[in-house]
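In case you want the letters, here they are:
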Amino acid sequence: MGEVTTRSTALLTDMYELTMLEAAILDGTVDRQCAFEVFTRRLPNERRYGVVAGTARVLEAIKNFRFTEEQLEKLDFLRPETLDYLRSYRFTGQVDGFREGELYFPQSPILTIRSTFGEGVILETVILSILNSDSAVASAASRMVSAAEGRMIIEMGSRRTHEYSAVTAARATYVAGFDATSNLEAGYRYGIPTSGTAAHAWTLLHVNEDGTPNERAAFQAQVDALGTDTTLLVDTFDITQGVQTAVEVAGPNLGAVRIDSGDLGVLSGQVRAQLDSLGAKNTKIVVSSDLDEFAIAALRSEPVDIFGVGTSVVTGSGAPTAGLVYKLVEVDGHHVMKRSRGKKSVGGAKAAIRATRSTGTAVEEITYPIGSSVPDTGMLNAYPLTVPLIRDGEIVDGQPTLEETRAYCKQQRVTLPWEGLALTRDEPAISVRHVETARD
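Residues numbered from 1 in each chain as written. Predicted model: local features only at pLDDT ≥ 70, side-chain atom pairs only at ≥ 80, totals over all residues. Heavy atoms only, no water.

Participant: Quick one: what's the story with the overall build of the protein, residue by residue and with numbers?
Facilitator: Along the protein, the regular secondary structure elements total 15 helices and 19 strands. In terms of its C-alpha atoms, the protein occupies a principal-axis envelope of roughly 80 × 60 × 40 Å. Nonlocal contacts in the protein, meaning residues at least 24 apart in sequence, comprise 75% of its contacts between residues at least 6 apart. Surface exposure of the protein reaches about 19600 Å², of which carbon and sulfur atoms provide 51%. In the protein, which carries 43 positive and 57 negative side-chain charges, the distance between the mean positions of the two groups comes to 5 Å. (Helix = DSSP H or I, 4+ residues; strand = E, 2+ residues; numbered from the N terminus. Contact = heavy atoms within 4.5 Å. Areas by Shrake-Rupley, 256 points an atom, 1.4 Å probe, with all protein chains shown as cover. Lys, Arg positive; Asp, Glu negative; His and termini not counted. Charge placed at Lys NZ, Arg CZ, Asp CG, Glu CD.)

Have a look at this one:
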């Protein structure tokens, strides 16, 4: 499915952006040529790299940043001249940045917006709200994919976040390498594979006339409806008895059993042995229950086939934001920067390349002024990170599909030095260095 929305994104902003715009209109600075940059100063939660996600959604949000008359009527705190500016607002500038699925580090110029001050300043909130949320989820999901070492991961977090955040979170996990989502809207909107198991409520629904539970009846009805390839939830009561009943009902060709509680490491081993003893050697084991990258890594040596991940991934594994900021870095060709303690930045609109060894392993990221010559990396190979995304207000043709983005993210993860995949953090996997080069 497509990723285009025609709904206005203009009010997905903060009030102070419009009051700053009004002040700029009044003092004549609204049309000064500026550059804004999205970057992070640090990586959260022991991460050694981040994954850019949400770029396609950002481009559509910029395209649909149009004020309707109904919206303008609500902005009664603004002067008539400001309302007239917003009425005709269209972004006509340039956007460059990392493609979606790319890895980033502190000071990576993830997105660069070049436009007038007025056009660029009011995009800050919508751009950051998308990139911070999606990149946090994708960064967490990527670590889980690495921890799973090739085993299937399903995103199951819809009930743990906002109803629409659940959809975009599912998309971000898919970018990072998750195999499927339980969210049907995400499947419909983005074409992501959907998958599901079974609910405890289904098992509890089946009771005898005296009110005692009838797990066998629940399993039999599920198999009758969905076939033996279904997944039976075996931990509602006693797991050992649940597995026994599941195989008796479905036979040795049962698709999978799911464990959603208890010591998953111990239980998965016991369940595997029991399934094998019952002849169900091809029946898969699905585990869920508050999994994160650390729990998944701890289960790598256990006979787990599929991980179901919910809360931790849709909340960015405890980091609901990627910590990205949107800062003015250039005015009329002059570099500007914050000098606050702990928040210093590098001025000027920047592009980036990543230097790699002949093996493809990343060594360093180098930033340099947009429009200047690409830095020499000596004996190292290098490839551009910054690509054109919007030109003169129009989205550049040939933007990658979601499947291409997913494949690219997988490819980029392989470029990290092996220690960069560690779940404990000493420092970013590679460093970012800025150099000044001559204008082309």
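On we go.
Participant: So what about the pairing of strand S10 (residues 284-287)? Which residues, and what values?
Facilitator: One ladder, built from four bridges, connects strand S9 (residues 256-259) with S10; its direction is parallel. Among the inter-strand pairings, alanine 256 is bridged to a residue of S10, identified as lysine 284. Crossover handedness for the path S9 to helix H12 (residues 264-277) to S10: right-handed. In this structure, S10 lies alongside strand S11 (residues 306-309), joined through two bridges in parallel fashion. In the strand pairing of S11, valine 286 is matched with isoleucine 306. Viewed along the sheet, the connection from S10 through helix H13 (residues 293-298) into S11 turns out right-handed. (Pairing = 2+ DSSP bridges. Right-handed = clockwise from strand over helix to strand, strands pointing away.)

Participant: How would you sum up the sheet that holds strand S19 (residues 431-434)? Please name residues and give values.
Facilitator: Pairing within the open sheet is mixed, and its four strands lie in the order S16-S14-S15-S19. Both outer strands of the open sheet, strand S16 (381-384) and S19, are each paired with one neighbouring strand and no more. In this sheet, neighbouring strand axes are inclined to one another by 30° on average, regardless of whether the strands run parallel or antiparallel. Where strand S15 (residues 362-369) meets S19, four bridges bridge the pair, whose relative direction is parallel. Following the sheet pairing, threonine 367 is matched in S19 by histidine 434. (Axes fitted to C-alpha atoms, helices over the stretch in contact; angles between N-to-C directions.)

Participant: If you had to explain the UniProt feature "domain: Nicotinate phosphoribosyltransferase N-terminal" (unreviewed entry) in the protein to someone new, which residues and values would you point to?
Facilitator: Under the local residue numbering, the UniProt record ascribes the feature "domain: Nicotinate phosphoribosyltransferase N-terminal" (unreviewed entry) to residues 11-132. Secondary structure across residues 11-132 divides into 41% helix and 19% strand, with the first and last C-alpha atoms of the span separated by 18 Å. (UniProt positions renumbered as here; feature names shortened; annotations may be inferred.)

Participant: With reference to specific residues and values, describe the sheet that holds S9.
Facilitator: Reading across from one edge, S7-S6-S11-S10-S9-S8 is the order of the six strands in this open sheet, with parallel pairing throughout. Pairing within the sheet leaves two strands with one partner each, and these edge strands are strand S7 (180-181) and strand S8 (231-233). As paired elements, strand S6 (residues 152-155) and S11 share four bridges and run parallel to each other. Its bridge partner lying in S11, glutamate 155 is registered against valine 309.

Participant: I'd love a proper account of unusual backbone geometry, names of residues and values included.
Facilitator: Of note, glutamate 149 is a non-glycine position whose phi angle comes to about 50°, a positive value. Turning to its location among the elements, glutamate 149 is positioned in the loop between helix H6 (124-148) and S6. Residue classification places glutamate 149 among the exposed residues on the basis of a relative accessible area of 54%. Despite not being glycine, aspartate 332 has its phi angle at roughly 50°, a positive value. (Buried < 20%, exposed > 50% of the residue type's maximum accessible area, 1.4 Å probe, protein only.)

Participant: Describe in detail the packing of helix H10 (residues 215-226) against helix H11 (residues 239-250), supporting the description with residues and values.
Facilitator: With their axes 9 Å apart at the nearest point, H10 and H11 run at an angle of 40° to one another. Considering their axes alone, H10 and H11 lie oblique with respect to each other. The interaxial crossing formed by H10 with H11 has right-handed handedness. For the pair H10 and H11, the contacting residues are Glu215, Arg216, Phe219, Gln220 and Val223 in the first and Gln241, Gly242, Thr245, Ala246, Glu248, Val249 and Ala250 in the second. Taken together, the residues of the contact of H10 with H11 sort by class into five nonpolar, four polar and three charged. (Parallel < 35°, antiparallel > 145°, perpendicular 65-115°, else oblique. Left-handed = near helix turned anticlockwise from the far one by under 90°. Nonpolar A, V, L, I, M, F, W, Y, C, P; charged D, E, K, R; others polar.)

Participant: Before we move on, can you summarise the pattern of salt bridges with the specific residues and values?
Facilitator: Note that side chains of opposite charge can pair when their charged atoms are close. Applying the stated rule across the entire model yields 20 salt bridges. Among the ionic pairs, arginine 32 bridges to aspartate 332, the shortest N-O distance being 2.9 Å. Here aspartate 332 lies in the loop between strand S12 (324-331) and strand S13 (334-335) and arginine 32 lies in the loop between helix H1 (15-27) and strand S1 (33-40), a separation of 300 residues in the sequence. We note a salt bridge from arginine 272 to aspartate 305, for which the minimum N-O separation is 4.0 Å. With arginine 272 in helix H12 and aspartate 305 in the loop between H13 and S11, this pair connects stretches of sequence that are 33 residues apart. Overlapping salt bridges, with partners in common, bring together Glu69, Asp84 and Arg87 in one network. (Salt bridge = Lys/Arg side-chain N within 4 Å of Asp/Glu carboxyl O.)

Participant: I'd like a rundown of helix H15 (residues 402-414), residues and numbers included.
Facilitator: Its 13 residues place the ends of H15 19 Å apart at the C-alpha level, agreeing with the 18 Å of an ideal helix rising 1.5 Å per residue. Those residues of H15 that sit buried are Leu402, Thr405, Arg406, Tyr408, Cys409, Gln412 and Arg413. What you see down the axis of H15 is that its buried residues fit within an arc of 160°, all on one side. More than 90 degrees from the buried face of H15, the exposed residues found are Lys410 and Val414. (Expected span 1.5 Å × (residues − 1). Arc of directions from axis to C-beta.)

Participant: If you had to explain the side chain of glutamate 330 to someone new, which residues and values would you point to?
Facilitator: Within the secondary structure, glutamate 330 is located in strand S12. There is a polar contact of 3.0 Å between the side chain of glutamate 330 and the backbone nitrogen of alanine 349. (Polar contact = N/O pair within 3.5 Å; in protein donor to acceptor, adjacent residues only side chain to side chain.)

Participant: Quick one: what's the story with H6, residue by residue and with numbers?
Facilitator: The end-to-end C-alpha distance of H6 is 36 Å, a good match for the 36 Å that 25 residues give at a rise of 1.5 Å each. Two residues or fewer past H6, glutamate 149 is found with a positive phi of approximately 50°.

Participant: A description of the side chain of glutamate 365 should follow, citing residues and the corresponding values.
Facilitator: Within the secondary structure, glutamate 365 sits in strand S15. Residue glutamate 365 is classed as buried on the basis of its relative accessible area, which comes to 0%. Contacts of glutamate 365, omitting those with residues within four sequence positions, involve Phe98, Phe105, Ser108, Pro109, Ala352, Ile353, Arg354, Leu385, Ile430, Ser431, Val432 and Arg433.

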